[in-house]
Amino acid sequence: MNFWTLPESFSTFGDDIDAIFLTITWVTVAIFFIVEVALVWFIVKYRHREGQRALHIHGSMRAELIWTAVPFLIVMMIAVQSAGVWFDARFPGRIPENAYEIAVRAKQFEWTATYPGADDELGTEDDFTSRNVIHLPADTPVVVHLTAEDVIHSFFVPELRVKQDAVPGMAQRIWFEMTEPGEYVLGCAELCGLGHYRMKGRIMAYTNDDFMRWDLEQRRPAVAVAGTASTEAGGAP
C-alpha cells in the first residue's frame, strides 16, 4: 500500500468509491492552499505599521453570501456524486438475487463465518463454520449478515472498499463482489478491547470452480453426520 494512495481495489465498487475519495481529497487540498495563501496575504497586507490606525468593518453581505454559497455548492456536488454509489452499495433493494449469503459474527477478538449447508439456507442444522478465515467466491455477489456478540466491532477490508460496524443487538447486511481471486486482510476498525490489535482475519477468494470444490468438501462431513443420525433413528442409511 502506497502512503499517498488507497490499496489496489478488487471490488466492483472500487473505481466509483475511489473517484469520490479523490474528489474529496483534491477539493480539500485546493481549499487548504487557498486558505493558507489568503492567510499569508492578510498577514503581510495588514501587518502593523507605525502611524496607521485599524479600520473597523461591520461586515459584508456580499462576502458572507459568497463564503456560504461556495461550500454549499461543493458539498452538493460531492453529495450528488456519492448518492448513486451509496444506494448501489448499501440499499437492500440493490442486492443481486443470485448473491451468495454467509453470516459473520464478531467477538473479542475473532471472526466466525457461518456458511449454508446442503439445503443452501442459513440458520439450519447443516450449516458449517470457519474461524478467522472466510472463504468466498470471486466474480459472484456476496451478502454478509453481520452481527456482534459483545462490543462494537468494524468489518473492514480495504481492498474491497468495505467498512461496516458490527453492533451488538443489531443485524447488518453488506454486500460486495470481488473481481479477483486472492487473499485479503479482514481487520477490525473499531477499538474493541485490549486484544483489538490481534483481531485479524483473512478472506480467501476463489474462482467459482475452486470455491464449489471447497464448499462440497466442507458439506460432506455434515451430510455424513446427518445420514448417521437418520440411520440411528431407524431411517434408511
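Structure first, text after, so check above.
Keep in mind the model is a prediction, meaning the values are calculated, not measured.

*Asks:* Looking at this structure, how should I read the overall build of the protein?
*Replies:* When helices and strands are tallied, the protein shows three helices and 10 strands. Its helices and strands taken in sequence order, the protein reads α-α-β-β-β-β-β-β-β-β-β-β-α from the N to the C terminus. Relative to a compact globule of 237 residues, whose C-alpha radius of gyration would be 18 Å, the protein shows 26 Å and is clearly more extended. In terms of principal-axis extent, the alpha carbons of the protein reach across some 105 × 35 × 30 Å. For the protein, with 237 residues in total, the buried portion stands at 30%. Of the accessible surface of the protein, which amounts to about 15800 Å², a share of 62% is contributed by carbon and sulfur atoms. Mean positive and mean negative side-chain charge positions of the protein (19 and 31 charges, respectively) differ by 14 Å.

*Asks:* Is there a simple way to explain the pairing of strand β2 (residues 110-115) in this structure?
*Replies:* Regular strands show a simple pattern: their side chains alternate between the two faces of the sheet. When strand β1 (residues 100-107) meets β2, the two strands line up antiparallel, connected through five bridges. Considered in β2, the bridge of Val104 is made with Ala113. Hairpin remark: β1 followed by β2, antiparallel, with two residues in the connecting loop. Where β2 lies against strand β3 (residues 128-131), four bridges are found, and the strand directions are antiparallel. Counterpart to Thr112 in the pairing with β3 is Arg131.

*Asks:* Would you mind going over the nonpolar core with me for this structure?
*Replies:* Nonpolar side chains in soluble globular proteins tend to end up buried together. Ile134, Phe155 and Ile203 are the most contacted members of the largest nonpolar core, which has 34 residues in total. If sequence neighbours within four positions are ignored, Ile134 has contacts with Ile102, Val104, Ala113, Tyr115, Phe155, Leu186, Arg202, Ile203 and Met204. Within the second largest apolar cluster, six residues are counted, among which are Phe13, Ala89, Ile95 and Trp175.

*Asks:* Would you take a moment to explain the pairing of strand β5 (residues 141-148) for this structure?
*Replies:* With respect to burial, β5 is a largely interior element, six of its eight residues being buried. Relative to β5, β1 is paired through seven bridges, and the arrangement is parallel. Counterpart to Glu101 in the pairing with β5 is Val143. Of the pairings in the sheet, the one linking β5 to strand β8 (residues 172-177) comprises six bridges and is antiparallel in character. Across the sheet, residue His145 finds its bridge partner in β8, namely Arg173.

*Asks:* Please clarify how helix α1 (residues 14-45) should be interpreted in this entry.
*Replies:* Across its 32 residues, α1 extends 46 Å between first and last C-alpha, which sits within 8% of the 46 Å expected from 1.5 Å per residue. Three or more residues of α1 are buried, namely Gly14, Asp18, Ile20 and Val27. Of the surrounding secondary structure, the elements contacted by the buried residues of α1 are α2 (61-90).

*Asks:* Is there a simple way to think about the pattern of salt bridges in this case?
*Replies:* Opposite charge on two side chains permits them to pair, given that their charged atoms come into close proximity. Under the definition given, this model contains nine salt bridges. Put simply, Asp18 and Arg161 hold a salt bridge, and the shortest N to O gap is 2.7 Å. Separated by 143 residues along the polypeptide, Asp18 in helix α1 and Arg161 in the loop between β6 (153-157) and β7 (162-166) bring together distant segments of the chain. The pair Asp18 / Arg161 is uniform in exposure class, with both members buried. Within this structure, Lys107, Glu110 and Arg131 form a network of salt bridges that share partners.

*Asks:* What is the right way to read the packing of aromatic side chains from this model?
*Replies:* The geometry of an aromatic ring pair is captured by two quantities: the separation of the ring centres and the angle between the planes. All chains considered together, the criterion is met by 15 aromatic pairs. Judged by centre distance (5.4 Å) and plane angle (80°), the rings of Phe32 and Phe33 are edge-to-face. Among the residues examined, Phe32 registers a relative accessible area of 48% and is labelled partly exposed. Of the residues examined, Phe33 reaches a relative accessible area of 51% and is grouped as exposed. Look at Tyr100 and Phe211: their rings are 5.2 Å apart centre to centre, the planes differ by 80°, and that puts the pair in the edge-to-face class.

Quick notes on the rules
- Residues numbered from 1 in each chain as written.
- Predicted model: local features only at pLDDT ≥ 70, side-chain atom pairs only at ≥ 80, totals over all residues.
- Heavy atoms only, no water.
- Helix = DSSP H or I, 4+ residues; strand = E, 2+ residues; numbered from the N terminus.
- Rg over C-alpha atoms; globule rule 2.2 N^0.38 Å.
- Buried < 20%, exposed > 50% of the residue type's maximum accessible area, 1.4 Å probe, protein only.
- Areas by Shrake-Rupley, 256 points an atom, 1.4 Å probe, with all protein chains shown as cover.
- Lys, Arg positive; Asp, Glu negative; His and termini not counted.
- Charge placed at Lys NZ, Arg CZ, Asp CG, Glu CD.
- Pairing = 2+ DSSP bridges.
- Core = buried A, V, L, I, M, F, W, Y, C linked by side-chain atoms within 4.5 Å.
- Contact = heavy atoms within 4.5 Å.
- Expected span 1.5 Å × (residues − 1).
- Salt bridge = Lys/Arg side-chain N within 4 Å of Asp/Glu carboxyl O.
- Phe/Tyr/Trp six-rings, centres within 6.5 Å; stacked < 30°, edge-to-face > 60°.

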